[in-house]
Amino acid sequence: MTCIWVLGAGQLGAMLQHAGQPLALDVRPVDIDAYQLPQLAPNDLVTAEREQWPDTPVTSLLSQHPRFINANALTTLADRLTQKQLLDELQLATAPWQPLAVDTELTKLHQTLGERVLLKRRCGGYDGRGQLWLTANQPADIQDWREHAIAEQRVPFDEELSLIGVRDATGHEVYYPLTLNLHVEGILMASIAPLARLTTLQSQAQQMLSRLMQHLSYVGVMAMECFRVGEQLLVNELAPRVHNSGHWTQAGASLNQFEAHLRAISALPLCTPQIKTLTVMINLIGIAHNTSWLSVPGAELYWYNKSVRSGRKVGHINLCADDIPQHKQRLTQLQNLLPAQYKKVMAWVNQQF
């Protein structure tokens, strides 16, 4: 049997492995620091659960395999500089930006991009890490950021949305409904899909992501995070992999994002996902495991078996219901089993119905 090796052995790799079992696919996540090198066969496939990785014997072996899917796309999208350059090349709307060069003057930077400017590390950085806000009246030491970051204009967005798309090697594409997301201090806390009021933006989002995937000859799942400003979407960032904001598909769709990715890269039939129900995904951040979560009807728990520490994603809960009143009732039940900081998260979710 052909093996599908996953570069990275975090929760995304584990969920890919789980999704491969019903398809009789041998999916093997590999830790980037693994001591023992895997034995790859010429016909094996390699995919990734992450777009950045350090140079280790394992990452070198897997990334140089001739059947490493999307190798060129990963290289382009892993660096926020080349990612932004690609968006500009394809004339896809994004926040005004510029590279942070050695000789970039802060005064001119603010003149160009405005009072508040966000620095983002070109590589790495996630869940709010690798970012620095600059304001015109508060000088900051950015020497360590020069040539290693891009600078973006602050976008006064209305909402944060994401689109999960899938493309196979023949060019066939399928999409999930737009997902509404809540971030707190840069960390995704909740996602909701589908929402009827977002359907007017679905075509715009699909055209944008389709242009990207076609240009890159991309195969598999790609996530496009966007800002909604009125009726216009601005691309915030791209993730060439299965994505946290697509976890709701595990409960809310006939074909979840993990199985869709495996089907696409394995040349298995790729059909349009059938949406089962409105689903809310709640990320579990830095909190201890609680078996009482399982007492909430319609709740599906995914625990990552990680050590718990502040700010770390340790699991998620997908919550489904038949109607809005039932959703609200179950959200209240779940809120009573979560720490106090989730009160605002649940209030935000309830406001969307």
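Below, the structure is looked at part by part. (Residues numbered from 1 in each chain as written. Predicted model: local features only at pLDDT ≥ 70, side-chain atom pairs only at ≥ 80, totals over all residues. Heavy atoms only, no water.)

### Topic: the side chain of Thr277
Next up, step 1: Note on placement: Thr277 falls in the loop between α8 (257–265) and β14 (279–285).
Next up, step 2: There is a polar contact of 2.9 Å between the side chain of Thr277 and the backbone oxygen of Ala321.
Next up, step 3: Setting aside chain neighbours within four positions, we find Thr277 in contact with Ala193, Pro194, Gly252, Cys320 and Ala321. (Helix = DSSP H or I, 4+ residues; strand = E, 2+ residues; numbered from the N terminus. Polar contact = N/O pair within 3.5 Å; in protein donor to acceptor, adjacent residues only side chain to side chain. Contact = heavy atoms within 4.5 Å.)

### Description of the pattern of salt bridges
Next up, step 1: For the coordinates displayed, the defined rule picks out twelve salt bridges.
Next up, step 2: A salt bridge links Arg197 to Glu159; the shortest N-O distance between them is 2.6 Å. Residue Arg197 is found in the loop between β11 (187–193) and α6 (202–216), and its partner Glu159 is found in strand β8 (residues 159–167); the two are separated by 38 residues along the sequence.
Next up, step 3: As a salt-bridge pair, Arg263 and Glu259 come within 2.7 Å of each other at their nearest N and O atoms. (Salt bridge = Lys/Arg side-chain N within 4 Å of Asp/Glu carboxyl O.)

### Quick look at helix α3 (residues 71–78)
The α-helix advances 3.6 residues per turn, and as a result positions three or four apart in sequence lie on the same side.
Next up, step 1: Of all the residues in α3, the buried ones are Ala73, Leu74, Leu77 and Ala78. Seen along its axis, α3 keeps its buried residues to an arc of 120°; they face one direction. Residues of α3 that are exposed and point more than 90 degrees away from the buried face comprise Asn72 and Thr75.
Next up, step 2: Of the surrounding elements, those touching the buried residues of α3 are β3 (45–48), α4 (80–89), α6, β12 (220–229) and β13 (232–239). (Buried < 20%, exposed > 50% of the residue type's maximum accessible area, 1.4 Å probe, protein only. Arc of directions from axis to C-beta.)

### Some points on the sheet that holds strand β4 (residues 97–99)
Next up, step 1: With antiparallel pairing, four strands are arranged side by side in an open sheet as β4-β7-β5-β6. The two strands at the open ends of the sheet, each matched to only one other strand, are β4 and β6 (131–135). For this sheet the average axis-to-axis angle between neighbouring strands, irrespective of direction, equals 25°.
Next up, step 2: Sheet topology places strand β5 (residues 116–121) next to β6; five bridges connect them, and they run antiparallel. Its bridge partner lying in β6, Leu119 is registered against Leu132.
Next up, step 3: Contacting β4, β5 and β7 (149–153), α4 crosses the sheet at an angle of about 135° to β4.
Next up, step 4: Across the sheet, helix α5 (residues 106–113) is in contact with β4, β5, β6 and β7; its angle to β7 comes to roughly 45°. (Pairing = 2+ DSSP bridges. Axes fitted to C-alpha atoms, helices over the stretch in contact; angles between N-to-C directions.)

### Here's the deal with the packing of helix α1 (residues 11–20) against α8
Next up, step 1: The contact between α1 and α8 brings their axes to 8 Å, and the two run at 70°. The angle between α1 and α8 places the two elements in the roughly perpendicular class. Contacts between α1 and α8 involve Leu12, Met15, Leu16, Ala19 and Gly20 on the former and, on the latter, Phe258, Glu259, His261 and Leu262.
Next up, step 2: When its residues are assigned to classes, the contact of α1 with α8 shows six nonpolar, two polar and one charged. (Parallel < 35°, antiparallel > 145°, perpendicular 65-115°, else oblique. Nonpolar A, V, L, I, M, F, W, Y, C, P; charged D, E, K, R; others polar.)

### Looking at the packing of aromatic side chains
Next up, step 1: Under the criterion given, the structure shown has four aromatic pairs.
Next up, step 2: Arranged with centres 4.6 Å apart and planes meeting at 5°, the rings of Phe157 and Phe227 form a pair that is stacked. Note that Phe157 is positioned in the loop between β7 and β8 and Phe227 in strand β12, a separation of 70 residues in sequence.
Next up, step 3: Here Phe157 falls in the partly exposed class, since its relative accessible area comes to 34%.
Next up, step 4: Using a relative accessible area of 10% as the deciding quantity, one classes Phe227 as buried.
Next up, step 5: Relative to Trp303, the ring of Trp293 has its centre 6.0 Å away and its plane inclined at 45°; by these criteria the two rings are tilted. Pair noted here: Trp293 is in the loop between β14 and β15 (299–303) and Trp303 is in strand β15, with a separation of ten residues, a long-range link.
Next up, step 6: We classify Trp303 as partly exposed; its relative accessible area is 21%.
Next up, step 7: The ring of Trp133 carries Arg116 above its face, with NZ or CZ at 4.3 Å from the centroid.
Next up, step 8: Against the face of Trp145 rests Arg121, its NZ or CZ located 3.9 Å from the ring centre. (Phe/Tyr/Trp six-rings, centres within 6.5 Å; stacked < 30°, edge-to-face > 60°. Lys NZ or Arg CZ within 6 Å of the ring centre and 35° of its normal.)

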